[in-house]
Amino acid sequence: MLDMKSLFMKQASKHSRNIGLAVLCAICFVFFISATNFSLINTYNTKANSMAIDNFGSFYTASNNSVLKFSADGKFLYRYEEFKYGKIGMIDVTNPMKMLVFYPDFMTVVTVDRYLAPINTYNFFELGYQNVSAVASSSDGRIWFYDNIDFRLKKIDEGGKIFRESQQLNIVLEEAPNPNFMIERDNKVYVNDSALGVLVFDIFGSYEKTIPVKGLRKFQILQDQIVYFEDNQLSSYNSFTLERKALTLPDTVEISSAVLEKNRLGIMKKERVDFYTY
């Protein structure tokens, strides 16, 4: 059984004579593994709309009103459930100690701890914002969001005070983005606009570039790769080499999503989720 580091080192040894380690980090990724390496370790019956995995390999599923947490071995652990804010739009498990549950209809974010117990609530209407379409957790405990009225990426603390904000993106890009997903990873903020691509910002909120991968709803950032589910497989885009690669999954029947981290893979189907190791 190989973890991501072992997979990387194995591939790196074949290429180290020709390219530097920095490029290798971007190129060598789990997409070199074969589908025959996957082993099913557990299955759980549930109807979910989305699936996520944190840095420790714990899995999460989100339905209209609830979030379930599973161990790295696919064992059910905890449930979060709330009905008063409408349907869950997205969850962000980047910080497993302070995860985000976003309710777009009520413009509300609930932060939860590792046990899925509520910590704090952000109501964007009460904070003075009228149109927020995407949010993300920050490594410093604050949250990022995109203000569709002001055309800025912003970071606020628990009291709603603005800590960082970008330039007005409708001026910088010469058109107004309409983000549907964002994530902070490795001191970068990745903001997805399905029509424009993935907008990249530094940790201070300054726009850097746009990665030309379009049509996405959500993705993961793993070792400088944009990893996303598409056409019953996981695909990756390398922003350094511009290469696209694909990983054939061990099951391709009625799949609606898939996520991976370290040596774990989760596959979401219509009425269940499957957990694999490799």
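Scroll up a little and you will see the structure.
So, here's what we can say about the structure.

Each value, and the rule that gives it
Residues numbered from 1 in each chain as written. Predicted model: local features only at pLDDT ≥ 70, side-chain atom pairs only at ≥ 80, totals over all residues. Heavy atoms only, no water. 1 Å grid on protein atoms, 1.4 Å probe; cavity = no way out; pocket = protein on both sides within 12 Å on 5 of 7 lines; lining within 4 Å. Points joined across faces, edges and corners; volume = space filled by probe spheres on them. Helix = DSSP H or I, 4+ residues; strand = E, 2+ residues; numbered from the N terminus. Pairing = 2+ DSSP bridges. Axes fitted to C-alpha atoms, helices over the stretch in contact; angles between N-to-C directions. Core = buried A, V, L, I, M, F, W, Y, C linked by side-chain atoms within 4.5 Å. Buried < 20%, exposed > 50% of the residue type's maximum accessible area, 1.4 Å probe, protein only. Contact = heavy atoms within 4.5 Å.

1. What about the layout of surface pockets?
1) Next: By volume, the largest pocket is sized at about 620 Å³.
2) Next: Lining the largest pocket are 28 residues; nearest its centre among them are N49, S50, R217, K218 and S257.
3) Next: Contributions of two or more residues to the lining of the largest pocket are made by strand 2 (50-53), strand 6 (90-92), strand 19 (225-230) and strand 22 (255-261).

2. Some words on the sheet that holds strand 15 (residues 188-193)
1) Next: Read across the open sheet, the four strands follow the order 14-15-16-17; overall the sheet is antiparallel. Every other strand in the sheet has two partners, leaving strand 14 (181-185) and strand 17 (207-211) as the edge strands with one partner each. Each adjacent strand pair in this sheet contributes to an overall mean axis angle of 20 degrees, direction not counted.
2) Next: Two strands pair when backbone bridges link them, and strand 14 and strand 15 are joined in this way by five bridges, in the antiparallel orientation. Considered in strand 15, the bridge of F181 is made with N192.

3. Observations regarding the nonpolar core
1) Next: Of all hydrophobic cores here, the largest spans 26 residues; its most connected members are F124, V132, V135, F219 and I226.
2) Next: Mapped onto this core, the elements with two or more residues apiece are strand 7 (99-103), strand 10 (132-137), strand 11 (143-147), strand 14, strand 16 (197-202) and strand 19.
3) Next: Once residues within four sequence positions are removed from consideration, V132 is found in contact with F102, M107, F124, F145, Y146 and N148.

As far as function goes, none of this settles anything; it's purely spatial.
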